[in-house]
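Residue-level structural notes
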Amino acid sequence: DLDGVLAAGTRLDLTVAAGSMTGIVCPDPVVALTVPALLAREADPPAGTLRLDGRDVRALRLDDLRARVLVSPHDAALLPGSIAENLAALAVRPAHRLTVQAPAGPPEAAVRAALADEVLEVVPDGAETDVGDRGEALSGGQRQRVALARALGADPPVLVLHDPTTAVDAATEQLVAGRVRALRAGRTTVVVTTSPAWLSRCDTVVLVDRDGCHAAPHAVLLAEHAAYRSAVLR
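Figured I'd write up the structure that's included with this text. (Residues numbered from 1 in each chain as written. Predicted model: local features only at pLDDT ≥ 70, side-chain atom pairs only at ≥ 80, totals over all residues. Heavy atoms only, no water.)

**So, the sheet that holds strand β10 (residues 212-216)**
Pairing is mixed across the open sheet formed by 6 strands, whose spatial order is β6-β7-β8-β3-β9-β10. Where the open sheet ends on each side, the last strands, each with one partner, are β6 (69-72) and β10. Adjacent strand axes in the sheet meet at a mean angle of 15°, parallel and antiparallel pairs treated alike. As paired elements, β6 and strand β7 (residues 158-162) share 4 bridges and run parallel to each other. Across the sheet, L70 pairs through a bridge with L159, a residue of β7. In the packing of helix α6 (residues 140-154) onto the sheet, contacts are made with β6 and β7, and the angle to β6 comes to roughly 175°. (Pairing = 2+ DSSP bridges. Helix = DSSP H or I, 4+ residues; strand = E, 2+ residues; numbered from the N terminus. Axes fitted to C-alpha atoms, helices over the stretch in contact; angles between N-to-C directions. Contact = heavy atoms within 4.5 Å.)

See below:
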């Protein structure tokens, strides 16, 4: 649950159902950046509360919160090293604890869902290809797919994605969104985006603007809210 005032005076009153896929559309880009930051607890709302399973997140240890809620920001930076090392950076050990030094990469299903397997097929040294200091040796779309596979491989109870596929073509985005939806079935996923490919696969979409919050399926918001159509059909 997030109930509070965000940037520029915009108010967000949102409850995400466990096991659902929820889209959040913020026409104001400042608000779009604020929502993931709040969910990662990089900041607290200036007014209001953020609750996880009914408990104020400020009462949780930061390590405990981040073991349960993984936020993958837009343009998530890759780590220096190979693609394989990046894919393994958040991989889950059998005891289901996150580790920075996992001995193996994420499940193949996570790599396939993000279409990162196609990246491995075209880069010069496959999984051993060096990504550079922050991933600059890869294209923008390749970086996004590797970062998404890394996040999916962590298999967190709650996964928050912010515009995860803005640098890929429309056909690839459609395929990735569908595969992520299938992979995350039964787990909680929040996608902050204006992409119809992702929003059409969400159980509920929340439009956040100065008039408040409007929650409905993607098709309903398209039909009933001009502000929503303007945001997602650019």
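**Considerations on the nonpolar core**
Of all hydrophobic cores here, the largest spans 41 residues; its most connected members are V25, I83, L152, W198 and Y228. With 7 residues, the top contributor of residues to this core is α6. When residues no more than four places from it in sequence are discounted, the contact partners of I83 are V119, L120, V123, G126, A127, T129, V131, L138 and V146. Counting residues in hydrophobic clusters, the runner-up holds 22 residues, among them V31, L65, V160 and V192. (Core = buried A, V, L, I, M, F, W, Y, C linked by side-chain atoms within 4.5 Å. Buried < 20%, exposed > 50% of the residue type's maximum accessible area, 1.4 Å probe, protein only.)

**Here's the deal with helix α7 (residues 170-183)**
Along its 14 residues, α7 runs 20 Å from first to last C-alpha, staying within 8% of the 20 Å computed at 1.5 Å per residue. Residues of α7 that are buried: T172, E173, V176, A177 and V180. Buried residues in α7, looked at end-on, bunch into an arc of 130°, giving them a common side. The outward face of α7, more than 90 degrees from its buried face, is lined by the exposed residues A171 and A182. Along its buried surface, α7 packs onto α4 (108-113), α6 and α8 (196-199). At the N-terminal boundary of α7, the capping side chain belongs to D169, with an oxygen 3.1 Å from the backbone nitrogen of A171. (Expected span 1.5 Å × (residues − 1). Arc of directions from axis to C-beta. Polar contact = N/O pair within 3.5 Å; in protein donor to acceptor, adjacent residues only side chain to side chain.)

**Describing the pattern of salt bridges**
Here the structure, examined in full by the defined rule, presents 10 salt bridges. Salt-bridge contacts for R41 lead to D44; the nearest nitrogen and oxygen are separated by 2.9 Å. A single salt-bridge network, built from bridges that share partners, covers R61, D63 and D64. (Salt bridge = Lys/Arg side-chain N within 4 Å of Asp/Glu carboxyl O.)

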